[in-house]
Amino acid sequence: ENMALTGEVKLRAEEARIWIETLTGEPFSNPDDFHESLKTGVTLCKLLNAIVPGTIVEKKINKSSMPFKCMENISYFLKSAREIGVPDPDLFETLDLWNAKDMSLVVNCLHSLGSTAQEIPSFQGPHLGVQRSTANRREFSAAQIQAGRAMPTAATMGNSDMGRAAAAEMLNPTQSFKEQTPAPPPPPPAPAPPAPAPPPPAPAPPLVGKQVVVSGLVNKAEMNGVTGLVTGFDPQ
């Protein structure tokens, strides 16, 4: 009953009541009793059809006050609310409304439905609930996604001092850059060793025999046992 709704929840329930009556064009059966006016599910089904016409087929809405028929209407509402975009965490269970188990969840769901309705281009009715922020989608190339997956995170660096320092650098790269001192340039490469000197020429093979040179002329040669004579020379 409405007595269970207090403080901010009661105020939000009153805002929801005015919004529902405006959209459906029908007053609550009992304006002072939020639960009693909604528990048959009929008003909720009409509300969804006012936001998106034809969401719930009119002939499926049960006018009977039998409990299982009323709970069926509530199920129609929850299923259709999910289909038009109300997040699952914002939906309530059928018994939350039918048995007044948790009416604050019902109020929250109606406000979430109001926020969802504001995102439907064809809906021009009054607003209820906060307007959700517009998503700022960013597109990344396959190379950027792959690079992001390969980048180490603070969780993968462990709890060592080095890991914590690396994680701090990742979280505050500007601060880390200011504190770093420039690294000295690398030393120049060592000169290549000189090429080895060519080996000395092999000595000429010794001549077998002997030769005598007189005034630059060969007068006699004995080579390999052969004696050579030169005109005007007296061999010894």
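Thresholds applied
- Residues numbered from 1 in each chain as written.
- Predicted model: local features only at pLDDT ≥ 70, side-chain atom pairs only at ≥ 80, totals over all residues.
- Heavy atoms only, no water.
- Helix = DSSP H or I, 4+ residues; strand = E, 2+ residues; numbered from the N terminus.
- Buried < 20%, exposed > 50% of the residue type's maximum accessible area, 1.4 Å probe, protein only.
- Contact = heavy atoms within 4.5 Å.
- Axes fitted to C-alpha atoms, helices over the stretch in contact; angles between N-to-C directions.
- Parallel < 35°, antiparallel > 145°, perpendicular 65-115°, else oblique.
- Left-handed = near helix turned anticlockwise from the far one by under 90°.
- Nonpolar A, V, L, I, M, F, W, Y, C, P; charged D, E, K, R; others polar.
- Core = buried A, V, L, I, M, F, W, Y, C linked by side-chain atoms within 4.5 Å.
- Salt bridge = Lys/Arg side-chain N within 4 Å of Asp/Glu carboxyl O.

Attention shifts here to the side chain of R17. Relative to the helices and strands, R17 resides in helix α1 (residues 7–24). Overall, the relative accessible area of 14% leaves R17 in the buried class. With residues up to four places along the chain from it excluded, the contact list for R17 reads F28, P31 and F34.

Moving on, we come to the packing of helix α3 (residues 42–51) against helix α4 (residues 67–83). Two elements in contact, α3 and α4, have axes whose closest approach is 8 Å; the angle formed by their N-to-C orientations is 30°. Taken together, the axes of α3 and α4 lie roughly parallel to each other. Relative to α4, the crossing made by α3 is left-handed. Packed against α3, whose contacting residues are V42, L44, C45 and L48, the element α4 presents N73, Y76, F77, S80 and A81 at the interface. Among the residues making up the contact of α3 with α4, the classes are represented as 7 nonpolar, 2 polar and no charged.

Attention now moves to the environment of L11. Residue position: L11 is located in helix α1. Along the sequence, L11 and V107 sit 96 residues apart, while their C-alpha atoms lie 9.9 Å from each other.

This part covers unusual backbone geometry. Even without being a glycine, A100 presents a positive backbone phi close to 55°. Take A100: it is sitting in the loop between α5 (94–98) and α6 (103–117).

Attention now moves to the nonpolar core. Counting 39 residues, the largest nonpolar core has F34, I51, F77, F92, L110 and L113 as the members making the most contacts within it. Of all the secondary-structure elements, those providing two or more residues to this core are α1, α2 (34–38), α3, α4, α5 and α6.

Once that is clear, we can look at the packing of α3 against α6. Relative placement of two packed helices is described by the angle separating their axes and the distance separating the axes. Where α3 meets α6, the closest approach of the two axes is 11 Å, and the angle between their N-to-C directions is 15°. When the axes of α3 and α6 are compared, the pair comes out roughly parallel. Here α3 runs over α6; the crossing is right-handed. Taking contact as the criterion, the partners of L44, L47, L48 and I51 in α3 are, on α6, L110, L113 and A117.

On to the pattern of salt bridges, then. Under the criterion given, the structure shown has 6 salt bridges. In this structure, K79 and E83 form a salt bridge, with 2.6 Å as the shortest nitrogen-oxygen distance. Taken together, the positions of K79 and E83, both in helix α4 and 4 residues apart, correspond to about one turn of that helix. Under the relative-accessibility criterion, E83 is labelled exposed at 54%.

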